[in-house]
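Chain and residue survey
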Amino acid sequence: MWEIYAYQNNDSLFGILNAIAAITGAASYASAIGLVAVCGFFAALLAYALVPQKLQGWYWLASVTLVLSVLLVPKVTVGIVDKTGMSAVTVVGNVPFGLAVFGSLTSTVGNTLTELYETAMQALPGIAELPAELSYQRNGLMFGNRMIRETSKLVFQNPGFRLDMINFINNCTMYDLASGDLSPEAFATSDDVWSLMASPNPARFTPISDSSGAMTVMPCTDAYVNLNGRLPTQLNLLQGILAQRMNPTLPGTAAAAVIAGQIQQAYIKNGIADAAADAAGIIRQNAMINALNDTSVVVGQKINDPASILLAVGRAQAVAQINASWINNGKVAEQALPVLRNSIEAITYAIFPVVILLLMLTSGRETMVGLKNYVSVLIWIQLWPPLYAILNYMATIYAARDLAAAASVGGGASALSISTASSIYSGAISGEAVVGWMTMSIPIIAWAALKRMETLGTALISGVQSLQSSISSTSAGAALGNLSMGNTSMDQVSLAPMRTSAFFKSWQDNTTGTKYTSNVASGLTAAKALANEGPVSRVIDTKVTQQHVEAASRSMVAAKAESLAASRDKAAALSDALVYANGRSSARNRTDGITTSSSESVGEKIGELMQIAKSVAASTGASEQQVASVAFGGSSTLSVGLPGALRKLSPVDVNAQIYGRSGKEYSASAQKLDQQIDSALSSEDKAKYKAFSDSVSRNTGVITSILNDDRNGREKAARLTESVTRSDRAEASLREQAEVTESLVAAYARGESISKDLAKDPRNIELFEQLLAGGKTGSAAELIRLESYLGNIARMPVHINSPGGLPTSFIDVKDEYLRLKSEKDLNPDVDKVWNSYGERIKPTPTHNRSPMARHGSQAKGTSVRQEMAEKGVELSQHMKELQARFDAEQVHRTAGNHVASGQSLFGKVNDQVKNDPDVVAERMKELTKKIESKWKK
């Protein structure tokens, strides 16, 4: 049986070798060998055909035969020997002979060298001796330092016992130290603090928990006896935990059996304990030191002492920050062999089937070179254990001196005490860190040794550089830890790094304090104003609401109604003027100061439009004026237009419609008539009417020059001008209201609003502080306070002008009062003024006056009475005339107490119709004369 030695990786090697045995015995692997052999055969055949004198084909055939017959086909049994776990040898069968030979030979050489080195190191005298428990083959690198580090972290696992111990230290031991019954110096340097605590003050008491968790208060002496009886159980529990932690590859019973010797040798070799120290005492001392440290923190929490808590946290943080890098580097030394070395060894064994396939493609010398390289890798891996053993020995010897110095308590004595625990812990982890960095150079040194030491110098230099880098980074960490002692940072989470861009620049205004951030590429600039920040605000907000939109919609409807009414009024006025102007188009030319037009051309247009109106009227049964009104965009209903002066005084709507019938029946018939007229008008006819309407709208003088011949025509011209003006004004108002409504609706849909927080304005710092002021009150009281504040923050009145300005304060009222009081006209002598007026109205006695004076006075009074009587008669006659004029209007009261008139518009229309023939005849005569005079010319 061939043996392969494993270092904490026997399980993984067992799996790898079994996998190789299964692969090489599988049919698929045989097929792969056949495929590779065919490829190699044709390559060798081609080489032999081209260069037969070099015998490449025969070399290939010999190489394949040797590889298959020697390295692959023979199968042997391999035993895996665990040098660190002390477990039984595991056996694997059907392993290829080549892999078993190469692995066994290289492993045996490496193991032999390692055993020889460590055997010699264990036989050295004095301090140079290496205990077997600290050897590399048994427990790995720096086992003594790792043991010290782990034991330094031991704490009592039972929560009840731990609490009782902390209470005992706080209530008993601390007072013994304060009173001097227990010497602080001896307590700080003792290697067994628990024995020094055995004589507490019996007058003091402390709570102790029983098995059920209930607390019982007892004297400190009884409490010590109780804790001392429960202590061995806790120490056995800690020792079992430490055994499994330090020997993970051993079974529980085996680990428990060897842990005591390991602890003793680790502390004895490093000069921290003497030969009389046992494992239980060392574990108890470490646990008690940690309990004392915990007491200072817990007591600070109990008495709510932030200073002590902050000091404890800061001290722990500083120590952890200093030791963090050392601990991380020590992990490299602790796990380098199991992870790095064993992984490379397993991979090298696992690729053996692939190496066989590659060797079948070579021949002669190339086959031997490939085989040599594979064996060289195995030798390189097996050189690591002896080099690790040497490194472990050197590091252990140096660490022993450092730890012995750290454990010194004075007088040539060394002990694990309260005063030396921290330095021992730091020294242990720092030694591990240095060895951790040195392990990174072991593979390089082993490879250099394999290459006949050609590159050993380069390897050593690279190792020194790594060590220097480690020293500088660790020193920086230590300095930072001392500088930052006492600072606490908890629950800090950084999800993404913070980045700044070179394209942005920022500056702050010296006057306003506003910060500006600008992009130098695009020129885009953002500002951040200086603002107050706090839980209060006073916001002024304005925005478009539903009420604004509804009000704008109502205004829009009103504007549309006004525009429609104005348009109809304009159409009625145009149709009325058109009918009236028909037949008078050949009147004399008139000029209105703006434009000059020919009455003949206007008359032709009017005549053309009237011909269209007549033809449509004949087909629809409507009047010519109704047709013209519809053509101009109005309605066929008769619109009554009042002159401008009467329009303002009229108590009814000036656009009121008078219908021949009443009710809905007539309204429906009127709409039907409008539709008939609109259908009878062609698009060309509508275009002509529209062109005439536009020309009149632009210049009313086109038609008013014809209508101004008589009073009736002037009234129609005035009505036309007024209706055109009204229509233009209504259309302009409609457009403006439409734009306003559209903007309000759009702003409401987007939810736009403008707001300003007055409390954030730095100029309102007093307002901000007033809002912040106030005690711890409820929501209701705070609401009342803010409402009261709102009622008292009214702005001062603004002076409209100096004479009419209102006072802004009581001082202004007082000053105004004093000024007015000093004026003599406003503060006369009341008694004197009263007497003066009394003298003026007091009658003069008749017996004191002369006869001429009495006669003059009587004459003057008689003339005044006569004048008043004449005025009264004149006013009475005037009132009678007005009453008669009012009665002539035939206005009277109806039975319903409404005002009614006996006059009729239809009567006036009939009178006008009677007078029209005479007027028309006169106008025709004038027109005939003009035609004759022009004809003669």
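Residues numbered from 1 in each chain as written. Predicted model: local features only at pLDDT ≥ 70, side-chain atom pairs only at ≥ 80, totals over all residues. Heavy atoms only, no water.

Regarding its fold elements, the protein chain presents 33 helices and 18 strands. For the protein chain, the proportion of contacts with a sequence separation of at least 24, taken over those separated by at least 6, is 69%. (Helix = DSSP H or I, 4+ residues; strand = E, 2+ residues; numbered from the N terminus. Contact = heavy atoms within 4.5 Å.)

How two aromatic rings sit relative to each other is given by the distance of their centres and the angle of their planes. Within this structure, the stated rule accounts for 12 aromatic pairs. Relative to Tyr516, the ring of Trp507 has its centre 5.6 Å away and its plane inclined at 20°; by these criteria the two rings are stacked. Put simply, the rings of Tyr7, Tyr136, Trp380, Trp384, Tyr388 and Trp447 pair up and form one aromatic cluster. In this structure, Arg204 is placed above the aromatic ring of Tyr175, and the distance from its NZ or CZ to the ring centre is 3.6 Å. Looking at Arg401, its charged tip hangs above the ring of Tyr398, at a distance of 5.9 Å from the centre. (Phe/Tyr/Trp six-rings, centres within 6.5 Å; stacked < 30°, edge-to-face > 60°. Lys NZ or Arg CZ within 6 Å of the ring centre and 35° of its normal.)

All right, on to the sheet that holds strand S2 (residues 75-82) then. Read from one edge to the other, the open sheet built from 3 strands follows the order S1-S2-S3, with strand pairing classed as mixed. Strands at the two margins of the open sheet, each flanked by one partner only, are strand S1 (2-6) and strand S3 (90-96). Each strand axis lies, on average, 35° off the axis of its neighbour in the sheet, ignoring direction. Note that S2 and S3 share 5 bridges and pair antiparallel. Looking across to S3, one finds that Val78 is bridged to Val92. Helix H4 (residues 97-122) contacts S1, S2 and S3 of the sheet and is inclined by roughly 55° relative to S1. (Pairing = 2+ DSSP bridges. Axes fitted to C-alpha atoms, helices over the stretch in contact; angles between N-to-C directions.)

This part covers the sheet that holds strand S10 (residues 525-528). Strand order in the open sheet formed by 3 strands is S8-S9-S10, with antiparallel pairing between adjacent strands. A single partner strand is all that each edge strand has here, and the edge strands are strand S8 (504-508) and S10. Shown here is a sheet whose adjacent strand axes are inclined to one another by a mean of 20°, direction ignored. Both strand S9 (residues 515-519) and S10 contribute to a ladder of 4 bridges, which runs antiparallel.

Checked against the element boundaries, Asp82 lands in strand S2. On the accessibility criterion, Asp82 (9% relative accessible area) is buried. (Buried < 20%, exposed > 50% of the residue type's maximum accessible area, 1.4 Å probe, protein only.)

Another aspect to go through is the nonpolar core. One finds Phe156, Met165, Phe168, Trp194 and Ile263 to be the most contacted residues of the largest nonpolar core, which totals 56 residues. Contributing elements (two or more residues each) for this core: helix H6 (143-151), helix H7 (159-179), helix H9 (193-196), helix H10 (220-246), helix H11 (252-269), helix H12 (279-302), helix H16 (384-406) and helix H17 (421-439). Each of domain 1 (2-130 + 325-478) and domain 2 (154-304) gives at least three residues to this core. Dropping the residues within four chain positions of it, Trp194 is found in contact with Met165, Phe168, Tyr224, Leu227, Asn228, Leu231, Arg284 and Met288. Ala6, Ile33, Val36 and Leu72 belong to the second largest nonpolar core, which has 34 residues in total. (Core = buried A, V, L, I, M, F, W, Y, C linked by side-chain atoms within 4.5 Å. Domains from an automatic or database assignment.)

What follows is about the UniProt feature "transmembrane region" (unreviewed entry) in the protein chain. UniProt's entry tags residues 20-51, 58-80, 86-105, 346-362, 374-391, 403-428 and 434-450 with the feature "transmembrane region" (unreviewed entry), counted in the numbering of this structure. Secondary structure within residues 58-80 divides into 65% helix and 26% strand; the distance between the first and last C-alpha atoms comes to 39 Å. (UniProt positions renumbered as here; feature names shortened; annotations may be inferred.)

Right, let's get into the pattern of salt bridges. Counted under the stated rule, the structure contains 10 salt bridges. Residue Glu150 pairs with Arg245 through a salt bridge whose shortest N-O separation is 3.4 Å. Here Glu150, found in helix H6, pairs with Arg245, found in helix H10; they are 95 residues apart in sequence, far enough to count as distant. For Arg245, a relative accessible area of 41% gives the class partly exposed. When the shortest N-O distance is used, the salt bridge between Glu562 and Arg726 registers 3.1 Å. Taken together, the residues Glu562 in helix H20 (residues 546-581) and Arg726 in helix H27 (residues 711-750) connect sequence positions 164 residues apart. (Salt bridge = Lys/Arg side-chain N within 4 Å of Asp/Glu carboxyl O.)

So, about the packing of H10 against H11. At a closest axis distance of 8 Å, the pairing of H10 and H11 adopts a crossing angle of 100°. Put simply, H10 runs roughly perpendicular to H11. Taken together, the residues of H11 that come into contact with H10 (itself represented by Gln239, Leu242, Ala243, Gln244 and Met246) are Gly252, Ala255, Ala256, Ile259, Ala260 and Ile263. Residue classes in the contact of H10 with H11 are distributed as 8 nonpolar, 3 polar and no charged. (Parallel < 35°, antiparallel > 145°, perpendicular 65-115°, else oblique. Nonpolar A, V, L, I, M, F, W, Y, C, P; charged D, E, K, R; others polar.)

For the rest of this paragraph, the subject is the state of the cysteines. Applying the stated criterion across every chain, the model contains 1 disulfide. The disulfide bridge from Cys172 ends at Cys220, spanning 1.9 Å between sulfur atoms. Here the S-S torsion is close to -80°, and the disulfide linking Cys172 with Cys220 is therefore left-handed. Note that Cys172 is positioned in helix H7 and Cys220 in helix H10, a separation of 48 residues in sequence. (Disulfide = S-S within 2.5 Å.)

Attention now moves to the packing of helix H15 (residues 365-382) against helix H18 (residues 442-450). At their nearest, the axes of H15 and H18 sit 9 Å apart, and the two run at 130° to each other. Accordingly, the angle class assigned to the pair H15 and H18 is oblique. In terms of crossing hand, the pair formed by H15 and H18 is right-handed. The residues of H18 that touch H15, namely those facing Ser376, Ile379 and Trp380, are Pro443, Ala446, Trp447 and Leu450. (Left-handed = near helix turned anticlockwise from the far one by under 90°.)

This paragraph deals with the pairing of strand S4 (residues 205-209). The sheet contact formed by S4 and strand S5 (residues 215-219) spans 5 bridges and is antiparallel. Residue pairing for S5: Ile208 is matched across the bridge by Thr216. Here S4 hands over to S5 after 5 residues, with Gly213 in that stretch at a positive phi of 95°.

With that settled, consider a nonpolar patch on the surface. A grouping of Ile347, Ile351, Val354, Leu358 and Leu361 is seen on the molecular surface, where their side chains present a nonpolar patch of about 460 Å² in accessible area. Within the fold, Ile347 resides in helix H13 (residues 306-350). (Patch = residues over 30% accessible without salt bridge, like charges linked within 9 Å, V, L, I, M, F, W, Y side chains within 5 Å. Areas by Shrake-Rupley, 256 points an atom, 1.4 Å probe, with all protein chains shown as cover.)

Residue placement: Ala717 occurs in helix H27. By relative accessible area, which is 4% here, Ala717 ends up buried. Counting along the chain gives 143 residues from Ala717 to Leu574, while the straight-line C-alpha distance between them is 9.3 Å.

The next thing to look at is unusual backbone geometry. If a residue is not glycine, its phi is most likely negative; likewise, a peptide bond is most likely trans. One non-glycine residue, Asn94, lies in positive phi territory at about 60°. Residue class for Asn94 comes out exposed when judged on its relative accessible area of 51%.

Quick look at helix H1 (residues 10-24) now. Given 3.6 residues to a turn, an α-helix orients residues that are three or four positions apart in the same direction. Spanning 15 residues, H1 covers 21 Å between terminal C-alpha atoms, matching the ideal 21 Å at 1.5 Å per step. Listed as buried for H1 are Asn10, Leu13, Leu17, Ile20, Ala21 and Thr24. Taken end-on, H1 shows its buried residues confined to a sector of 100°, consistent with a single buried face. (Expected span 1.5 Å × (residues − 1). Arc of directions from axis to C-beta.)

As a further point, take the confidence of the model for the protein chain. Confidence in the prediction of the protein chain, expressed as mean pLDDT, is 74, and 71% of residues score 70 or more. Per-element confidence in the protein chain ranges from a low mean pLDDT of 36 for helix H23 (residues 644-649) to a high of 92 for S4. Scored below 50 in pLDDT, residues 794-804 shows 4 contacts in the model against residues more than four places distant or in partner chains. Note on residues 852-857: pLDDT is under 50 here. Beyond four places in sequence and across chains, it has 3 contacts. (pLDDT = per-residue confidence, 0-100.)

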